[in-house]
Every structure is written in C-alpha cells, then in structure tokens.
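# Notes for the structure review
The residues making up each chain are set out below.
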Amino acid sequence: SEMCIRDRYQRRVHGWAELNYIDSYSVENAIMKHSADYQFILVLISDRHKQYKSVKKILDIQQGIVSQCVYSDYKKMNSLVFSSNIIRQLNAKMGGDLYSVELPAEVPRNTMFVGIDVCHCARCSAVGFYSNAYTHLARCFCDTALQKRGQEVVTLLAPFYASAFYTYLKQQGKLPDYIFIYRDGVGRSQRNIIVEKELSQLKKVVSNLRAGYKPEITMVIVNKRIHQRFLQEIGPRVDNPEPGTIIDTKVTENGCDNFFMVSAIARKGTIRPTHFYIAHNERKVVTKLVIQKVSYAMSFMYYNTPWSLKVPAQIALADKKAYYVSTIEGQSNKKLACTESFL
C-alpha cells in the first residue's frame, strides 16, 4: 500500500510513503514524520472495507486534511470511467467547479442555496447541512451534528446558518439577497412543525447579522420515498417518463403548491418520482414553474455522477455528508467545512 503526500504548494513531500499495512496508526505516523502543511493526501488501498474507514477517520476527522482513497484494482484503473470518476472527485475536493447550469432570470445571482437532511443510523441521527453560492458548488459550507436518534426536526441549525452566512460573505464579498432551501425527508404530518421550528432559527440568525438586512426566503420540502408511480404511453407500449417530466395537476395535493418530478433515468424497473412541496415562499416572482426549472437544473450538479439525480444536488450533498460522518463515526473537522472532502 502506498500514500502520496503533498504540501499546500502542491510540492511532493518525500514522494511516496510505502506502508506495509494501512490503518489509522500507520497513516498518522507517516504524516508525523514530515513537518509540512498538508493540503492533500492520496492513498492507494487494497481493502476498501477495512482500510477506508480507518484512513478517513484519521485524515478527515482528526487531522482535517483533504484526502482521496483509490482502490488499487488494476482492471478498474485501466477503465476510462473509473479514472474520470476519480478526477471529478479530486477536482471537486480541491475547490474546482466542474461545470455549471443556467437558472431562470427570476433567481438572482446573489442567491445562497441550502440543503438539509437527517440520516437516521443505528445509534443516533446525523444532521447534514450544505450551502453554496448560486451555481458554484465549490463555494460552499457544509457541516454535521448529531442529535437524538429518530428525531427529524433539527434544533441545531442556528450555528450552521451563522457559519454559512460568514462563509458566503467571505467568498462573495456580500450577504445573499435570496435564500433557497431544500429540506429532505419530511412526511406530510411533520411539515408544519418543520417550517415553524427550522425557519425560525434562520430568521433569528438573519436578525442578528445586520440592521435592515432581510433576504427573501424560499423553502421546498422534498420527499423521494413515495408510493406514486407514473408511466407514459408510447404507441402500443408503456414506458417510464422522460427526465424532466413534471406532474402538477389532478393527482397532486389540494390547497397547496406541490408537484411531482422525474429528473433521473431508471436503469431498471419503474421509476419513482420525487415530490416537491413549496412550504414557504417570500419571493413572488419565483413561481412554481420557476422552482420546477431550478430543481431540475440542480439535479445535474452532483459532481459524483455524470448524470442527473432524483433530487437537487444540495440535498444529495447534505445526505452524503451526514451518512459519511455517521459511517466514519466522528464529528466533522472544521478545517474541511468549506470543501467537498466527503465525496
């Protein structure tokens, strides 16, 4: 097993460190031997199940160093798909934007997008929080927190929002005029309490930022675990709807703005659509049609895959961050709060 160490200036630090066995102890010893300010470490592992967790725990959680683990399978390493996936991850982790999408004109460029998700694991519930500036996912802030097992309502959002505003101001030079929130995994019975408890935390943080500062807020609740299915007739046969299909009449909920969207391709079986419920909207020019266009565009912005997802990228990233921390079993290192090191 080998480990390539580079400092913050992209200089190799004594080339490759060859280790007889990779675990948290050996990796930590290899790092301590060199007094350098590490920016990135690439680790070649031979057993992804045993070595990945221990390596990530020492590098990401304890040391706060961006790292990339590569499974040294020679058959896969000769594959263009495998190599391109690694390059995409490396670029995203080092703060590079792979591509961008065009959003409707009703959404100002000075917009902060937020994704919130709760991952319920065996011992506790992990909250994933992700925010980014407009369509620049590399200009981000992400963090996690642990709360009582099974608890869906997040009561720890205030420090997340405060840090997200600070990061946005530092990166963009100004505070956002518009905040667009995607909240994942909320059932119909919990919508009202989620809006009441979680939006109030955001508004309290906003009131303490600057006198007279009042950004417009939109909150959309997204649910991908639903029972509805939709099909389209193509001549004599029946098939899944095309990506980008919107269902917003007749079978939607009455008395509220909501819609179903199919944004991904089903590679097997019948596709499951995603339900979007517009829980709160202060920007009147951002209509349901605009939210549909924004949500479909954001489903392409997840850098870990070359195709679109069932949900906007902000939710996928918040979910990935929460699941990652619950798997590694440790709190996020604050040094990596502005990186997508968890990809």
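These remarks concern the structure in this document. Bear in mind that the values here come from a model prediction, so they are computed numbers and not experimental data.

Glancing now at the overall build of the protein chain. If you tally the helices and strands in the protein chain, you get eight helices and 14 strands. Split into buried and exposed, the 343 residues of the protein chain put 53% on the buried side. Restricting the contact set of the protein chain to residue pairs at least 6 apart, pairs at least 24 apart contribute 66%. About 17,100 Å² of surface is accessible on the protein chain, with carbon and sulfur atoms providing 51% of the total.

This next bit is on the sheet that holds strand 8 (residues 178-184). Here eight strands make up an open sheet; going across it, the order is 7-6-5-8-9-14-13-12 and the pairing mixed. Each end of this open sheet is capped by a strand with a single partner; those strands are strand 7 (136-147) and strand 12 (245-247). Taken over all neighbouring pairs, the strand axes of this sheet differ in orientation by 20° on average, direction set aside. Pairing between strand 9 (residues 216-223) and strand 14 (residues 274-281): six bridges, direction antiparallel. Within the sheet, the bridge partner assigned to M219 lies in strand 14 and is H280. Along the sheet, helix 5 (residues 157-172) contacts strand 5 (111-120), strand 6 (125-133), strand 7 and strand 8; its crossing angle with strand 7, the most-contacted strand, is approximately 160°. Relative to the sheet, helix 8 (residues 313-328) contacts strand 5, strand 6, strand 7, strand 8 and strand 9, its axis offset from that of strand 5 by approximately 40°.

By secondary structure assignment, the location of E198 is in helix 6 (residues 191-207). For E198, a relative accessible area of 1% puts it in the buried group. At 2.9 Å, the side chain of E198 and the side chain of R183 are in polar contact. Contacts of E198, omitting those with residues within four sequence positions, involve I116, E152, V153, V154, L157, R183, I193 and M219.

All right, on to the packing of helix 2 (residues 48-63) against helix 8 then. The geometry of helix 2 relative to helix 8 is characterised by a closest axis approach of 10 Å and an angle of 110° between their N-to-C directions. By the angle class used here, helix 2 and helix 8 are roughly perpendicular. Residues Y52, K53, K56, K57, D60 and I61 of helix 2 form the contact with helix 8, whose participating residues are Y324, T327 and I328. Within the contact of helix 2 with helix 8, the residues separate by chemical class into four nonpolar, one polar and four charged.

Attention shifts here to helix 5. Side chains of residues three or four places apart in an α-helix project in the same direction, reflecting 3.6 residues per turn. With 16 residues, helix 5 should cover 22 Å at 1.5 Å per step; its first-to-last C-alpha distance of 22 Å lies within 8% of that length. Of all the positions in helix 5, only L157, F160, Y161, A164, F165, T167 and Y168 are classed as buried. Viewed along the axis of helix 5, the buried residues span an arc of 165°, placing them on a single side of the element. Turned more than 90 degrees off the buried face of helix 5, the exposed positions are Y166 and K170. Of the surrounding secondary structure, the elements contacted by the buried residues of helix 5 are strand 5, strand 6, strand 7, strand 8 and helix 6. Within two residues after helix 5, G173 carries a phi angle of roughly 85°, on the positive side.

Below, the discussion takes up the pattern of salt bridges. Here the structure, examined in full by the defined rule, presents 10 salt bridges. K56 serves as the salt-bridge partner of D60, at 3.7 Å between the closest nitrogen and oxygen. Residue D60 and its partner K56 are both found in helix 2; the two are separated by four residues, about one turn of the helix. By relative accessible area, D60 is classed as buried at 2%. Among the residues examined, K56 registers a relative accessible area of 1% and is labelled buried. Ionic pairing is found between D143 and K334, a salt bridge with its closest N-O pair at 2.7 Å. Here the residue D143 occupies a position in strand 7, and K334 occupies one in the segment after helix 8, the gap between them amounting to 191 residues. A network of salt bridges, in which partner residues are shared, links E152, R183 and E198.

This brings us to the packing of aromatic side chains. Summed over the entire model, instances satisfying the criterion amount to 11 aromatic pairs. Aromatic pair F113 and F180: ring centres 5.3 Å apart, planes at 35°, arrangement tilted. In this pair, F113 sits in strand 5 while F180 sits in strand 8, placing the two residues 67 residues apart along the sequence. According to the relative accessible area criterion, F113 is buried, its value standing at 0%. Measuring from centroid to centroid gives 6.1 Å for Y178 and F180, while their planes differ by 80°, and the two rings are edge-to-face. We note that Y178, like F180, is buried. Joined through ring pairs, the aromatic side chains of F113, Y178, F180 and Y182 make up one cluster. Over the ring of Y277 we find R191, and its NZ or CZ is 4.1 Å from the ring centre. Sitting over the face of the ring of Y178, R283 holds its NZ or CZ atom 5.4 Å from the ring centroid.

What counts as what
Residues numbered from 1 in each chain as written. Predicted model: local features only at pLDDT ≥ 70, side-chain atom pairs only at ≥ 80, totals over all residues. Heavy atoms only, no water. Helix = DSSP H or I, 4+ residues; strand = E, 2+ residues; numbered from the N terminus. Buried < 20%, exposed > 50% of the residue type's maximum accessible area, 1.4 Å probe, protein only. Contact = heavy atoms within 4.5 Å. Areas by Shrake-Rupley, 256 points an atom, 1.4 Å probe, with all protein chains shown as cover. Pairing = 2+ DSSP bridges. Axes fitted to C-alpha atoms, helices over the stretch in contact; angles between N-to-C directions. Polar contact = N/O pair within 3.5 Å; in protein donor to acceptor, adjacent residues only side chain to side chain. Parallel < 35°, antiparallel > 145°, perpendicular 65-115°, else oblique. Nonpolar A, V, L, I, M, F, W, Y, C, P; charged D, E, K, R; others polar. Expected span 1.5 Å × (residues − 1). Arc of directions from axis to C-beta. Salt bridge = Lys/Arg side-chain N within 4 Å of Asp/Glu carboxyl O. Phe/Tyr/Trp six-rings, centres within 6.5 Å; stacked < 30°, edge-to-face > 60°. Lys NZ or Arg CZ within 6 Å of the ring centre and 35° of its normal.

Any link to function would need more than the numbers given here.
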